[in-house]
Amino acid sequence: MTNVKEPPPSAVIAVGDMVEAAGHPVGSGVIKDGYDPRLTNEDLAPLGKQSWSSYNIFAFWMSDVHSVGGYVTAGSLFALGLASWQVLIALLVGIVIVYFLCNLVAKPSQQAGVPYPVVCRSSFGVLGANIPAIIRGLIAVAWYGIQTYLASAALDVVLLKLFPGLAPYADVDQYGFTGLSLLGWGSFTLLWILQAAVFWRGMESIRKFIDFCGPAVYVVMFILCGYLLWKSGWQVSLSLGGEKQGNTVVVMLGAIALVVSYFSGPMLNFGDFARYGKSYSAVKKGNLLGLPVNFLVFSLLVVVTAAATVPVFGELITDPVATVARIDSVTAIVLGALTFTIATIGINIVANFISPAFDFSNVSPQKISWRMGGMIAAVGSVLLTPWNLYNNPEVIHYTLETLGAFIGPLFGVLIADFYLVRKQKIVVDDLFTLSTTANYWYSKGYNLSAVIATVVGAVLAMAPVLLGGIVFGMAGAAQYSWFIGCGVAFGLYYLLATRGPWRSTALRLPEGATLVDAEDVA
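Just so we're clear, the structure is a prediction, and the values are computed from it rather than from any experiment.

Note that Gly500 resides in the loop between helix 19 (481-498) and strand 6 (515-517). Given a relative accessible area of 32%, Gly500 falls into the partly exposed group. Taking C-alpha positions, Gly500 is 9.8 Å from Ser449, a pair spaced 51 residues apart along the chain.

A few words now on the pattern of salt bridges. Considering all chains together, one arrives at three salt bridges under this definition. A salt bridge links Asp36 to Arg38; the shortest N-O distance between them is 2.9 Å.

At a closest axis distance of 8 Å, the pairing of helix 7 (residues 130-162) and helix 14 (residues 330-363) adopts a crossing angle of 165 degrees. Viewed along their axes, helix 7 and helix 14 adopt a mutual orientation that is roughly antiparallel. Here the hand of the crossing between helix 7 and helix 14 comes out left-handed.

Glancing now at the nonpolar core. Among soluble globular proteins, nonpolar side chains are generally buried collectively. Residues Phe263, Phe270 and Phe411 are the most contacted members of the largest nonpolar core, which totals 133 residues. Those residues in contact with Phe263 that sit more than four places away from it in its chain are Trp61, Val65, Ile95, Val98 and Phe295. Counting residues in hydrophobic clusters, the runner-up holds five residues, among them Ala405, Ala461, Val465 and Ala478.

The next point concerns helix 4 (residues 84-112). Compared with the 42 Å implied by 1.5 Å per residue over 29 residues, the 43 Å span of helix 4 between its first and last C-alpha is a close match. The axis of helix 4 is deflected most strongly, by about 35 degrees, at Ala106, and proline Pro108 appears within four residues downstream. Burial within helix 4 is extensive, with 21 of its 29 residues counted as buried. Immediately beyond the C-terminal end of helix 4, within one or two residues, lies Gly113, with a positive phi of roughly 70 degrees.

Here is what the cut-offs are and how they apply
Residues numbered from 1 in each chain as written. Predicted model: local features only at pLDDT ≥ 70, side-chain atom pairs only at ≥ 80, totals over all residues. Heavy atoms only, no water. Helix = DSSP H or I, 4+ residues; strand = E, 2+ residues; numbered from the N terminus. Buried < 20%, exposed > 50% of the residue type's maximum accessible area, 1.4 Å probe, protein only. Salt bridge = Lys/Arg side-chain N within 4 Å of Asp/Glu carboxyl O. Axes fitted to C-alpha atoms, helices over the stretch in contact; angles between N-to-C directions. Parallel < 35°, antiparallel > 145°, perpendicular 65-115°, else oblique. Left-handed = near helix turned anticlockwise from the far one by under 90°. Core = buried A, V, L, I, M, F, W, Y, C linked by side-chain atoms within 4.5 Å. Contact = heavy atoms within 4.5 Å. Expected span 1.5 Å × (residues − 1). Bend = angle between axes of the 7 residues up to and from the residue.

Next up, the structure:
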């Protein structure tokens, strides 16, 4: 098992290329002779070279954070009745939690050089890993649709400003289908096609697109914030907020939980990016710059801009596209809305083509490529009618709570297995074999401890989400769906994996196999 198959020259991508940050490492894996083709392709195999710097990780987070979805989610916290400074604190505390959790997820993938679904083979089994892969892939489908819808809403603003006669077609009651207006359908379809076209054009096109997106939103947001401050006479109150439902501290804790839920998707499969890091310390530094530091600036812009809409427009507006639409300048509206549209498209390609590309490829490596995985997400996103998942603060929170309920248990199992059960050790070659004597075969390719822990965690986490409007106290508990699912699965998996009939055996190191011991690496 020492011979390796080198990737063809045409498949090699420059390590510093931003497109690798977008999760499109075609042919960059090294396949050993003993790897089973049913578990292997060059996208999933361990990387032969890891050269990402902390800047590459920072650039990824900058692209992922700066979106209309992020702005709308942050703005929706005002609906909880929080004042501006309280919203800011909730955002910052939430992102610090995400930062530490991303570091935990990054370590196994960075050390083994494999993406998230392959790392899951160590905890779920080489076949059982398809369970978390499919769950995460389907969640990416939902997010792909949501981000496309938010971008299309920005495009609607431009079209209505340029062509006022289209107004009747923007009315869902006059011309609407499945909750979206005819104009909305047109914009959504156009952007859906545009994203697919950019994706299929190849690596260089994606790299250029992404390089523009993150900074572009920052420029527009700074200009928008400065303009509103100037219009308000620099008199902005940070004490605004609606009527709180309960104790302030409790409400803020719920807001923090929602921030974690918002980032739970990219946080779970962050290993898809961390695998390229030249060192674990480089990944941690990139996370520090891209999450707490970068998000601090983003949060300040969101809070100040939202607060400034009150004195300028007479009401609180938490949607940046709606804010831009209220400005008395066609040029400003068009440029602002188009920038948000283009940036959201770029973020969508980065964040929501990557996960299904690896996750669905993991199900059938020889039949599903990363392109096909991305297109599966694109097609499925339309069927979910995403405009119904993110059209007001209450629905936004329900959507985040549901997604968090399913992602939390997967996170809990992964962390418990790698850090507590396996003591940060992975036998890399056994991740790619169906041998019944390999470490990750478990029972017919499935680790029942992981499956049971995931199911129980998800059920208990979804219970308060579904019963929120029926049983007293459940609505408050629903905000913590990610934490409930993660905590239950974490504890239950550890108990099952260390005690009882399904407990994990000590790792065996076959002759010539590669063992990764992350404890020995900084």
